Amino acid sequence: MITINKQFNLVFDESLIQISNTRKFPFKCVLSFSPFIDFWSQTGSRNQAFKAPLIKKVREELEKVPELLGPIEDLSILEKHKELIDMLMTLVFPPAFWDRDYLAALIPYHFRIFYATLSFERFLMENRNFIGRTHLDERAMTYGTLLKAYSHILQKFYNVKFEFEYPLIFTTRDPETGLDRHFKFNFDPRFCEVRKVGVVKPLTDEEKKYLFNNLTNLKTWMELIPPENFEFHGFTVITATDVTDQEVLSSLKRDLIDRESIVSSKKFRSLQEKLRTLLRLPDLVLGLAAIQGDQVFLINYGRKLEKCCIFSDSQHFKTSDFAGSIYERSVKQGNLLIIEDLVTYPHRSPVEDQILAQGIRSMIVAPLYYQDKLIGTLELGSPNPGGLNALNALKLGEVLPLFSVAVNRSMEELDNRVQAIIKKKYTAIHPSVDWRFRKAVLNYIEKRNRGIHEEIEQIVFDNVYPLFGATDIRGSSTQRNTAIQADLIEHLTLVREIILLAASYKSLPILDELVYRINNKIAKVEASLGSGDEITLLDFLRREVEPLFDTLKDFGPGIQDKIQAYRSALDPQLGIIYRRRKDFEESVARINDTISDYLDEEEEKAQAMFPHYFEKHKTDGVDHGIYIGASLVEDGKFDLLYLKNLRLWQLMTVCGIARKTEELKGSLKLPLETTHLILVQNMPMSIRFRIDEKQFDVDGAYNIRYEIVKKRIDKATIKGRDERLTQPGKIAIVYSQPKEAQEYRQYIDYLRDSGYLTGEVEDLELEDLQGIQGLRALRVMVNLQTSLQGQDILQEEGRGALQPVN
């Protein structure tokens with residue numbers, strides 16, 4: 001026997017479409033009990049000895065009714081002999097299972113039922129016909145039925161075992177709940193036989209091969225194996241297996257992969273309907289919430305969603321709004337929780353009272369996790385006490401991870417939308433205050449979806465404490481001018497040498513005049529450098545000197561070499577002498593990068609102590625600004641201990657910067673020195689984000705004074721002395737109030753004892769600045785010699801910045 005087992009795509013030809021349209025099956029199929037009697041005659045006495053008396057009794061009764069032994073065209077005959085048919089079918093359907101199992105007998109290859117158990121009739125039958133729907137369309141059904149019939153023919157008459165199965169799932173409505181039930185059909189053809197009509201033409205090996213290479217071309221099959229040459233007699237037994245849970249779970253998994261599964265109105269209702277089917281609860285209500293920080297977004301609770309956005313009909317609350325509720329307990333415990341009856345639940349909070357008022361009596365709440373991170377909750381509600389229980393909860397295990405993925409995906413899409421608005425309105429935002437901008441954007445989105453077109457709200461943080469520090473490169477402006485002067489003088493000197501050499505070969509008054517002008521320009525640069533002098537000189541060289549080189553090179557030997565040497569000395573990108581300036585700029589860049597990297601490293605540690613706003617700016621040096629306070633943190637919890645801790649951290653960090661820049665000095669092309677300053681202010685202030693400028697600024701006239709001090713303090717001098725406040729190797733701490741100095745003296749004493757600082761503390765009065773009077777400063781030397789192990793060692797010893805400062 002040849003065995004064929006082959007997979008193929010369902011592509012239908014015209015012949016199949018015609019068969020489908022006419023609803024005619026090309027083979028004659030007849031109901032008959034003869035194959036059934038023959039089957040039991042052959043196997044009953046051999047394998048089912050206990051059934052032998054029943055088989056004998058059935059055969060005797062059938063012999064009394066000859067019309068049941070031949071082909072049965074009129075099914076009304078079965079009603080005439082119902083008792084005998086019942087007796088006969090007990091050999092197929094055990095009576096003990098008639099109320100439980102879904103069994104039916106039908107005419108071969110026709111979906112017309114002549115006998116069924118009560119359970120089958122209840123769910124799947126109406127007037128001897130199937131009710132419900134299948135996942136296959138009519139053409140696919142016809143195709144599968146035809147190939148199944150041909151497999152029967154091939155096995156019996158052509159010695160070819162053609163294994164062909166097509167799974168058939170029927171979906172129908174539960175008459176009690178009105179919910180979907182899914183059944184998988186298995187066909188048993190043991191009581192069906194195929195008979196030939198006339199002479200059957202044999203198939204050659206080539207024809208067999210051709211058939212199996214054209215499985216979807218049924219026209220070819222019917223030409224090589226004409227249907228009129230065969231008839232099917234007997235009946236087929238169907239066993240229907242309830243696969244509702246498997247089908248619903250599979251469908252839920254497919255649906256939840258869809259990016260709009262929980263935000264589309266239609267698709268969310270479909271998810272709810274499928275969960276109702278899974279749990280057999282027609283009034284079940286599904287609810288989903290996403291959790292982000294202290295915010296809770298109610299994505300849906302059986303309400304109508306109009307748009308494909310998590311915000312279309314969602315509401316958002318704070319986690320504190322759910323204090324004491326089953327939601328909070330479920331999240332804290334990390335477990336699914338069940339309330340079988342809210343009326344008798346002893347721990348009801350106002351949240352549960354509100355749910356009860358909506359008609360919900362039993363509920364399940366499950367936390368949703370994505371990659372071990374809490375991202376939301378799933379809840380189910382039922383109006384029936386006890387409707388939701390531990391048995392229901394077991395079925396949720398497979399789908400909870402998929403709901404987690406769906407909620408996470410929706411929140412990521414919301415994040416993308418929020419970030420797009422933040423970038424448009426605010427540009428980059430420091431992570432410590434990102435929560436506040438997100439909140440503003442979420443409010444903005446929700447108002448827009450409600451048709452309220454307002455500008456996005458102002459971002460203001462009240463009662464925050466400022467900290468400011470600056471590390472400047474000492475005399476950077478002077479050193480930059482000196483470098484520019486040296487490069488310009490070298491540049492002018494090189495071109496003068498070319499002109500003088502050319503004039504030595506050919507005496508031209510115009511060349512002497514040009515040398516005269518070059519000498520004047522060198523003298524002027526040596527004396528001083530004005531703001532526009534560099535541009536004027538470069539314009540002179542490029543317009544009046546360099547164009548002459550093509551003519552001068554032919555005046556005599558050596559001129560061409562000098563011109564080439566001149567051009568080689570120029571920077572290839574800038575076209576100027578760029579030696580001293582390059583050394584200066586590279587040295588400045590290395591200092592700035594060293595300070596910036598060190599600040600970033602230490603700032604990460606400081607953020608871990610307590611969140612705060614931090615920004616830094618590079619010029620000739622690096623300054624940094626910090627704000628800390630209750631309004632800057634999402635939960636609003638703040639203590640002045642953290643302000644003192646941050647001030648001490650800042651002072652320690654500036655000590656570290658001073659040491660880093662001192663260590664770096666020996667490797668710089670220009671040994672630049674740095675000065676260090678800290679500005680103290682005890683009074684809190686308000687800061688506002690300026691949307692037009694895309695940055696924070698102080699809010700209010702009084703607070704502007706702080707900004708003015710920041711801008712002018714680096715030029716401060718000591719009163720009565722011609723001395724700048726900031727000096728290399730020292731830290732200047734500028735203050736206004738005696739209490740500020742007292743606090744910082746404690747930090748200085750501590751850091752001198754720890755080896756960060758050394759020497760005596762100077763308490764200095766400063767000269768008045770424009771619009772600023774009454775400033776003082778503490779100045780102390782940084783210990784640049786002792787090798788420190790860093791701030792962490794202090795914390796490990798229990799003496800570091802994490803300890804309270806009194």
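Bear in mind the structure is a predicted one, so any value in this text is a computation, not a measurement.

### Quick notes on the overall build of the protein
For step 1, the next point in the chain: Within the protein one finds 26 helices and 28 strands.
For step 2, the next point in the chain: Within the span of the protein, comprising 806 residues, buried residues form 49% of the whole.
For step 3, the next point in the chain: For the protein, the exposed surface amounts to about 39,600 Å²; the carbon and sulfur share of it is 50%.

### Examining the pattern of salt bridges
For step 1, the next point in the chain: Taken as a whole and judged by the stated rule, the model has 54 salt bridges.
For step 2, the next point in the chain: We note a salt bridge from Lys715 to Asp714, for which the minimum N-O separation is 3.0 Å.
For step 3, the next point in the chain: A relative accessible area of 52% places Lys715 in the exposed class.
For step 4, the next point in the chain: For Asp714, a relative accessible area of 22% gives the class partly exposed.
For step 5, the next point in the chain: Residue Lys730 pairs with Glu762 through a salt bridge whose shortest N-O separation is 3.4 Å. Within this pair, whereas Lys730 is found in strand E26 (residues 730-735), its partner Glu762 is found in strand E27 (residues 757-765), the two being separated by 32 residues in sequence.
For step 6, the next point in the chain: Residues joined by salt bridges that share partners form a network here, namely Asp487, Glu490, Glu534, Arg579, Arg580 and Arg581.

### Points about the packing of aromatic side chains
For step 1, the next point in the chain: The full count for this structure, using the stated rule, is 29 aromatic pairs.
For step 2, the next point in the chain: With a centroid separation of 5.8 Å and an interplanar angle of 50 degrees, the aromatic rings of Phe25 and Phe27 are classed as tilted.
For step 3, the next point in the chain: Judged by relative accessible area, which is 2%, Phe27 ranks as buried.
For step 4, the next point in the chain: Grouped by ring-pair contacts, the aromatic residues Phe25, Phe27, Tyr109, Tyr150, Phe212, Trp221 and Phe232 constitute a single cluster.
For step 5, the next point in the chain: It is Lys506 that lies over the ring of Phe555; its NZ or CZ is 4.5 Å from the centre.
For step 6, the next point in the chain: Over the aromatic face of Phe540 sits the side chain of Lys521, whose NZ or CZ is 4.7 Å from the ring centroid.

### Focus: the packing of helix H17 (residues 476-505) against helix H19 (residues 533-545)
For step 1, the next point in the chain: The N-to-C vectors of H17 and H19 enclose an angle of 20 degrees; their axes lie 11 Å apart at closest approach. As far as their axial angle goes, H19 and H17 are roughly parallel. Considering only the axes of H17 and H19, their crossing is left-handed. Residue-level inspection shows Ile484, Leu488, His491, Leu492, Val495 and Ile499 of H17 in contact with H19, the latter providing Glu534, Leu537, Leu538, Leu541 and Val545.

### Remarks on the sheet that holds strand E12 (residues 230-234)
For step 1, the next point in the chain: The mixed open sheet is built from 3 strands, whose spatial order is E2-E12-E11. Single-partner strands in this sheet number two, and they are strand E2 (28-31) and strand E11 (192-196). Sheet twist, expressed as the mean angle between neighbouring strand axes with direction ignored, is 25 degrees.
For step 2, the next point in the chain: Across 5 bridges, E11 lies against E12 in antiparallel orientation. Pairing of Lys196 across the sheet is with Phe230, part of E12.

### Digging into the confidence of the model for the protein
For step 1, the next point in the chain: Averaged over every residue, the pLDDT of the protein is 82; residues scoring 70 or more account for 87%.
For step 2, the next point in the chain: Ranking the elements of the protein by mean pLDDT puts helix H1 (residues 14-22) last, at 37, and strand E28 (residues 776-782) first, at 96.
For step 3, the next point in the chain: In this model, residues 1-23 is a region of pLDDT below 50 whose contacts with residues beyond four sequence positions or in other chains number 53 contacts.
For step 4, the next point in the chain: Across residues 788-806, where pLDDT falls below 50, the model places 41 contacts with residues more than four positions away in sequence or in other chains.

### Brief notes about the packing of H17 against helix H21 (residues 559-569)
For step 1, the next point in the chain: Taken N-terminus to C-terminus, the directions of H17 and H21 make an angle of 170 degrees; their axes are 10 Å apart at the nearest point. Classified by the angle their axes make, H17 and H21 are roughly antiparallel. Across the interface between the two elements, His491, Leu494, Val495, Glu497, Ile498, Leu501, Ala502 and Tyr505 from H17 touch Ile559, Lys562, Ile563, Tyr566 and Ala569 from H21.
For step 2, the next point in the chain: In the contact of H17 with H21, the residues fall into 10 nonpolar, 1 polar and 2 charged.

### Comments concerning the nonpolar core
For step 1, the next point in the chain: Among the nonpolar cores identified, the biggest contains 57 residues, and Phe27, Leu68, Trp221, Ile225 and Phe235 are the most heavily contacted of them.
For step 2, the next point in the chain: Per-element tally for this core: the top contributor is helix H7 (residues 138-157), with 7 residues.
For step 3, the next point in the chain: With sequence-adjacent residues up to four places away left out, Ile225 is seen in contact with Tyr150, Ile153, Leu154, Tyr158, Leu203, Leu211 and Phe230.
For step 4, the next point in the chain: In terms of nonpolar packing, the next biggest core, distinct from the first, is built from 35 residues, Leu249, Leu271, Leu388 and Leu396 among them.

Conventions and cut-offs
- Numbers given for residues are sequential positions, taken from 1 along each chain in its written order.
- The model is predicted, so local features are restricted to residues of pLDDT at least 70 and side-chain atom pairs to those at 80 or more, both for listing and for counting; the totals for chains, interfaces and linings are taken over all residues.
- Side-chain calculation: all heavy atoms of the structure are included, whereas hydrogens and water are not.
- Where helices and strands are cited, they refer to DSSP runs of H or I of at least four residues and of E of at least two residues respectively, numbered from the N terminus.
- Type-normalised accessible area, obtained with a 1.4 Å probe on protein chains alone, sets the label of each residue: buried when under 20%, exposed when over 50%, and partly exposed for intermediate values.
- Calculation of accessible area relied on Shrake-Rupley with a 1.4 Å probe; when residues are assessed, cover is drawn exclusively from the protein chains displayed.
- Here, a salt bridge means any Lys or Arg side-chain nitrogen found within 4 Å of an Asp or Glu carboxyl oxygen.
- Centre distance within 6.5 Å is the pairing criterion for rings of Phe, Tyr and Trp, where only the six-membered ring of Trp is used; planes under 30 degrees apart are then read as stacked, over 60 as edge-to-face, and the remainder as tilted.
- By the criterion adopted, a ring carries a charge over it if an Arg CZ or a Lys NZ lies within 6 Å of its centre and within 35 degrees of its normal.
- Think of each axis as a best-fit line through the C-alpha atoms, taken over the contacting stretch in the case of a helix, with angles from 0 to 180 degrees between the N-to-C directions.
- Angles are sorted into four bins: roughly parallel if under 35 degrees, roughly antiparallel if over 145, roughly perpendicular if 65 to 115, and oblique for all others.
- What makes a crossing left-handed is the near helix being turned counterclockwise from the far one by less than a right angle; a clockwise turn instead makes it right-handed.
- Throughout, a residue-residue contact means that at least one pair of heavy atoms, one from each residue, lies within 4.5 Å.
- Strand pairing is defined by DSSP finding a minimum of two bridges between the two strands.
- The quantity called pLDDT is the predictor's confidence in a given residue, expressed from 0 to 100.
- Lys, Arg, Asp and Glu make up the charged group, whereas Ala, Val, Leu, Ile, Met, Phe, Trp, Tyr, Cys and Pro make up the nonpolar group; the residues left over, Gly among them, are polar.
- Among buried residues, the Ala, Val, Leu, Ile, Met, Phe, Trp, Tyr and Cys ones that are joined through side-chain atoms within 4.5 Å form a nonpolar core.

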